[in-house]
Amino acid sequence: QVQLVESGGGLVQPGGSLRLSCAASGSISTIYGMGWYRQAPGNQRELVALIMRTGVTNYADSVRGRFTISRDNAMNTAYLQMNGLKPEDTAAYFCYLRLFGQDYWGQGTQVTVSS
């Protein structure tokens, strides 16, 4: 039994910032990666950022330089600092966890960027 609880979404103006968090709990073995995908209405779910067990990170081209992913492995928690937000970033953001042999998803948190 594994759960992901994410928070930190909200409504911000263009150029603003938000910090998302995702905490994993339950029967957790080795964490191979944690990160976020996002999905806007009518769109495919797409990778935003990922941090692997090695510390290597991966970002979507559209967010590179604006978003930063980090983790606290002892707490099984990941963070996504989002700066310079744009209206195009508006979406539901879903935390993702890859364990040995299984993938898990959070419930999603809404990010809306608008004037």
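Quick note: structure is the one above.
A.B. asks: Go over the packing of aromatic side chains, please, and point to the residues and values.
C.D. replies: Overall, the coordinates contain four aromatic pairs when judged by the stated rule. Ring geometry for Tyr37 against Tyr96: centres 5.6 Å apart, planes inclined by 65°, an arrangement best described as edge-to-face. Placement of the pair is Tyr37 in strand 4 (residues 31-39) and Tyr96 in strand 9 (residues 91-99), with a sequence separation of 59 residues. We classify Tyr37 as partly exposed; its relative accessible area is 22%. By relative accessible area, which is 10% here, Tyr96 ends up buried.

A.B. asks: How would you sum up the pattern of salt bridges? Please name residues and give values.
C.D. replies: Going through the model one piece at a time under the given rule, you end up with four salt bridges. A salt bridge links Arg64 to Asp61; its shortest N-O distance comes to 2.6 Å. The class for Arg64 is partly exposed, based on a relative accessible area of 47%. Arg66 is the salt-bridge partner of Asp89, the closest N and O atoms lying 2.8 Å from each other. Of this pair, Asp89 sits in the loop between strand 8 (77-82) and strand 9 while Arg66 sits in the loop between strand 6 (57-59) and strand 7 (67-72), and the two are 23 residues apart along the sequence. The residues Asp89 and Arg66 share a single accessibility class, namely buried. One salt-bridge network, held together by shared partners, links Arg38, Glu46, Arg66 and Asp89.

Cut-offs used in this document
Residues numbered from 1 in each chain as written. Predicted model: local features only at pLDDT ≥ 70, side-chain atom pairs only at ≥ 80, totals over all residues. Heavy atoms only, no water. Phe/Tyr/Trp six-rings, centres within 6.5 Å; stacked < 30°, edge-to-face > 60°. Helix = DSSP H or I, 4+ residues; strand = E, 2+ residues; numbered from the N terminus. Buried < 20%, exposed > 50% of the residue type's maximum accessible area, 1.4 Å probe, protein only. Salt bridge = Lys/Arg side-chain N within 4 Å of Asp/Glu carboxyl O.

Bear in mind that shape data such as this cannot, by itself, settle questions of function.
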